[in-house]
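# Overview (structure and organization)
One letter stands for each residue in the lines below.
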Amino acid sequence: MTSHSLIDPRPEAVAQPALPEGELSDRRDRFGVLEQLSHATWIFDFDRLCIHWANRQALKLWRADTLEALVARDLSVDLSDTVARRLHQYQSDLVDTDTRFTECWTIYPEGRPCAMLVEFSGIRLGDGRLALFCEHLADHGNNPAMLRSTEALTHTTVMITLYSRAGGVLYSNPAAREAAPAGREQRHRFVREQDYHALMLALHLQGRCRLIAPVLTSRGERWHEVSGHRCRDAVTGEPSWLISEVDVSDLKRTEARAQHLADHDALTGLPNRHYVTHGFQHQLESIGRAGEQAALIFIDLDRFKHVNDSLGHAAGDELLVEMANRLRSAVRHNDRVARLGGDEFLVLATADDIAGYVEQLSSRLLKVLSQPGAVRNTEVQVTPSLGVSIYPQDGTDIHTLMRHADLAMYRAKDAGRNRVAYFAPEMTAAAQKRLTMESELRHALERREFVVYYQPRVDVRSNRICGAEALVRWQHPKRGLIAPGVFISYAEDCGLIGELGAQVLEIAARQQARWQAQGLDLAVSVNLSPRQFLEGTLVEEMRRTVEATGCDPRRIELEITESVLLGNDDSTVETLEQLAGMGFRIAVDDFGTGYSNLAYLQRYPIDCLKIDRSFISKVVDSAQPIAGLIITMCRMLGVQMVAEGVETQSQLDWLKQQDCHQYQGYLFSHPLPATAFEALLPGRLEPAAGGAD
Ligand SMILES: Nc1nc2c(ncn2[C@@H]2O[C@H](COP(=O)(O)O[C@H]3[C@@H](O)[C@H](n4cnc5c(=O)[nH]c(N)nc54)O[C@@H]3COP(=O)(O)O)[C@@H](O)[C@H]2O)c(=O)[nH]1
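Below you will find a few notes about this structure. (Residues numbered from 1 in each chain as written. Predicted model: local features only at pLDDT ≥ 70, side-chain atom pairs only at ≥ 80, totals over all residues. Heavy atoms only, no water.)

### Digging into the overall build of the protein chain
Each helix and strand in the protein chain was counted, giving 25 helices and 29 strands. With 693 residues in all, the protein chain has 47% of them scored as buried. As presented, the protein chain carries roughly 34900 Å² of accessible surface, and 51% of it is formed by carbon and sulfur atoms. (Helix = DSSP H or I, 4+ residues; strand = E, 2+ residues; numbered from the N terminus. Buried < 20%, exposed > 50% of the residue type's maximum accessible area, 1.4 Å probe, protein only. Areas by Shrake-Rupley, 256 points an atom, 1.4 Å probe, with all protein chains shown as cover.)

Next up, the structure:
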């Protein structure tokens, strides 16, 4: 049975091709004088990796009977990578210089190790090529530990150098010699002067040092982990420095890659929030040192969530990449752009006239970001809201500037979106209010403090109640009844609208079931916020509500806003069709205020359009044609029409003339608690109209 070791300790001796006639005697003539030397001497051919010539002593050392036999040996077979590199190194060391150096070498004649001290120098062959002249100085002895440690030092890739205190090299192992750049006579090889000073200072003060720094090497600039120790030269006893170096460039590169990943957003490639907190902070510090000004612009895309929800996350991602590219090309070369996450971006800009530049830049950003673009074959247009804080007046660190720019951005949103707002100190109070409101809303939901009022929906012709719109109020334990206008937008901003909507839905559905049980056939309409509609759980939630409350879906109308329909995507159609299939009626609220598009009305299963009160308020005073147009359109489409916000008899008279189906408004009644609403019913209730015909 044969066993296979990983490293063959006895490589086959392979023969070199036969020498040309007379070649060996030429060599004898040229180098024969060296036979006089009492110690073994041989010449190694760097290029052919074989012995070119050897004296008698050397033949003995190499266990060769004749010179012919020795020069015929192919030593390349036995050559490890490290030895090959060392030989290559010797070759380049010897090319231009007249160096001699002594080293411990182990040769393997006939596979047997033979350690010795060899002095190496260069010698020219007959054809002018440089060869290695080797002189055997002494046997190394046979202390195994010593032999092995010497071998290890010779073969290790760790670069080890012993320096005198004056900086002269007393010893360097082959790896260190290989790494030293050729022909450099410099004080040190550190790329950065400060690394050299740090090393020397630590060596002098503490006697040891460890640092990772870029250094110049024969392979160019590399990262080395450099460790230094104070010690003594074993030969002279003089104080010296032992320096070892390990090439950590690959590690550094991996580290740099990991750092890049940690600092950049994978989707857009822009610096991310993590980078902003240290990278932008450093930049602010240098702006501060230069006595310059800067501006931080916080950008949030308006209604981006809607794109995500209606066209899907992949489309949302595509849009974000597009926005990131537009941002990159809109800013100046030395401005910095980052993505904080979601649809939030930051720009850090510097300029001598920062106020003038920010004005210019923000109007450019508003323009480029709101250009329509195509995402998955659908034209999409989003607008940005921008908040600006100025360094140093609005903050001197990145966290403060970000907080303030964020507050300003909220102000831009509140003021109608698609605009820029500058930070002002009073905004901090508004932010505090937002936080307080969020926490109060959470408590209110837990304690079920929300109540529902009902505004009658009245038949225009008979002036009788045919249904009710459920409108939420907050029964605050200290502040009394709070109107939804005060808290709905906060609930939307902080993501509580879904939970709030679910509570309202449940109360209104129970009320409908109760009225039905009392024999009152009243349709109840409920407002759904776009977020609630788009969350993807609505159908399931409605199914649960029907089961839990026993309501009749055919008498529940869901009011959605036009914005929900704008995405015009398949999932919206599907959700609406599922709801319609369960029996729910669908109404479009505040109709006419969005981007009305007749096409979507035909695509979706819509039962009712509620004409916004802004059109109704103008029907008599000015010749406002829109309400009339909407009524005509409803008639053509065969959907029910409800006029909202009817406050005067003349408005009602106009609606009668137009043959509008139903109305709501203060003229008939404000929204009321269920019991007060019921008090309006006797004598006025009639079977609900139910449709347009
Ligand atoms: N997502 C949800 N939104 C809700 C819910 N409940 C209410 N809301 C929305 O809040 C906004 C303000 O509502 P509210 O203060 O209740 O105002 C309603 C009516 O009181 C008011 N109205 C009715 N008649 C008149 C009138 O003659 N004049 C006049 N100036 N105002 C009148 O209109 C509001 C009803 O509007 P609409 O929903 O568009 O029919 C409001 O936007 C509510 O939608 C909820 O549970 N979820």
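### Topic: the pattern of salt bridges
For the structure on display, the rule yields 38 salt bridges. Close ionic contact of Arg510 with Glu506 constitutes a salt bridge, the shortest N to O distance being 3.0 Å. Within this pair, Arg510 and its partner Glu506 are both found in helix H16 (residues 497-517), separated by four residues, close to a single helical turn. Taking the shortest distance from any N to any O, the salt bridge between Lys610 and Glu644 comes out at 3.8 Å. Within this pair, whereas Lys610 is found in strand S26 (residues 608-611), its partner Glu644 is found in the loop between strand S27 (640-643) and helix H24 (649-657), the two being separated by 34 residues in sequence. Take Lys610: its relative accessible area is 0%, and that puts it in the buried class. A network of salt bridges, in which partner residues are shared, links Asp45, Asp47, Arg48, Asp127 and Arg129. (Salt bridge = Lys/Arg side-chain N within 4 Å of Asp/Glu carboxyl O.)

### Remarks on the packing of aromatic side chains
To describe a pair of aromatic rings, you give the distance between the ring centres and the angle between the ring planes. Counted according to the given criterion, the structure contains 16 aromatic pairs. Aromatic pair Tyr275 and Phe280: ring centres 6.2 Å apart, planes at 90°, arrangement edge-to-face. Both residues of the pair, Tyr275 and Phe280, count as buried. For the pair Phe450 and Trp474, a centre-to-centre distance of 5.6 Å together with 40° between the ring planes defines the contact as tilted. (Phe/Tyr/Trp six-rings, centres within 6.5 Å; stacked < 30°, edge-to-face > 60°.)

### Notes on the environment of Tyr600
Tracing the backbone shows Tyr600 in helix H21 (residues 598-603). As a C-alpha pair, Tyr600 and Glu562 span 38 residues in sequence and 9.5 Å in three-dimensional space.

### Let's talk about the sheet that holds strand S7 (residues 130-139)
Strands pair in a sheet through their backbones, by hydrogen bonds, and they do so in one of two ways: parallel or antiparallel. The antiparallel open sheet is built from five strands, whose spatial order is S3-S2-S7-S6-S5. One side of each edge strand has no neighbouring strand; the edge strands of this open sheet are strand S3 (50-54) and strand S5 (101-107). Each adjacent strand pair in this sheet contributes to an overall mean axis angle of 40°, direction not counted. Sheet topology note: the strand S6 (residues 114-124)/S7 ladder contains nine bridges and is antiparallel. From the neighbouring strand, Val118 faces S7, where its bridge partner is His136. Its contacts with the sheet put helix H1 (residues 23-31) on strand S2 (41-45), S3 and S6, and the angle it makes with S3 is roughly 55°. (Pairing = 2+ DSSP bridges. Axes fitted to C-alpha atoms, helices over the stretch in contact; angles between N-to-C directions. Contact = heavy atoms within 4.5 Å.)

### Some thoughts on unusual backbone geometry
Cis geometry marks the peptide bond from Tyr391 to Pro392; its omega dihedral reads 5°. A positive phi angle is found at Asp659, which is not glycine, with a value near 65°. Mapped onto the fold, Asp659 is located in the loop between H24 and strand S28 (662-663). A residue is classified by how much of its surface remains accessible, and Asp659, at 36% relative accessible area, is partly exposed.

### Notes on the state of the cysteines
A full pass over the atoms with the stated rule returns zero disulfides. Cys634 carries a free sulfur, and the closest cysteine sulfur to it, the one in Cys608, is 7.7 Å from it. (Disulfide = S-S within 2.5 Å.)

### What about the site of the ligand?
By nearness alone, 20 residues border the ligand, and Arg473, Asp590, Glu644, Glu647 and Tyr666 come closest of all. Between the ligand and Asn527 there is a distance of 3.2 Å, counted from an oxygen atom to a side-chain nitrogen or oxygen. If you list the elements that add at least two residues to the shell around the ligand, you get strand S21 (465-476), helix H15 (484-493) and strand S25 (585-591). No other element matches S21, which puts four residues into the shell around the ligand. Per-class residue counts for the shell around the ligand are eight nonpolar, five polar and seven charged. (Near = heavy atom within 4 Å. Polar contact = N/O pair within 3.5 Å; in protein donor to acceptor, adjacent residues only side chain to side chain. Nonpolar A, V, L, I, M, F, W, Y, C, P; charged D, E, K, R; others polar.)

### Some points on the nonpolar core
In terms of nonpolar packing, the biggest core is built from 78 residues, with Tyr454, Leu609 and Leu655 touching the most fellow members. When residues of this core are assigned to their parent elements, the largest contribution, eight residues, is made by H16. Counting residues in each nonpolar core, the second largest holds 38 residues, with Leu24, Trp53, Ile123 and Leu132 among its members. (Core = buried A, V, L, I, M, F, W, Y, C linked by side-chain atoms within 4.5 Å.)

### Points about the packing of helix H9 (residues 273-289) against helix H13 (residues 398-414)
The geometry of H9 relative to H13 is characterised by a closest axis approach of 9 Å and an angle of 115° between their N-to-C directions. Relative to H13, the element H9 is oriented roughly perpendicular. In this structure, H9 contributes Arg273, Val276, Thr277, Phe280, Gln281 and Leu284 to the contact, and H13 contributes Ile398, His399, Leu401 and Met402. Among the residues making up the contact of H9 with H13, the classes are represented as six nonpolar, three polar and one charged. (Parallel < 35°, antiparallel > 145°, perpendicular 65-115°, else oblique.)

### Here's the deal with the packing of helix H10 (residues 304-311) against helix H11 (residues 313-330)
Between H10 and H11, the least distance of the axes is 6 Å, while the angle of their chain directions is 140°. What the angle tells us is that H10 and H11 run oblique. Contacts between H10 and H11 involve Phe304, Val307, Asn308 and Leu311 from the first element and His313, Ala315, Gly316, Leu319 and Leu320 from the second. Taken together, the residues of the contact of H10 with H11 break down into six nonpolar, three polar and no charged.

### Concerning the pairing of S5
Within S5, six of the seven residues are buried, leaving the element largely enclosed by the surrounding structure. Bridge count for S5 against S6 is seven bridges, and the pairing is antiparallel. Along S6, the bridge assignment pairs Trp105 with Met116. Between S5 and S6, which pair antiparallel and follow one another directly, the connecting turn spans six residues, one of which, Glu110, has a positive phi of 55°.

The values are spatial; any link to function lies outside them.
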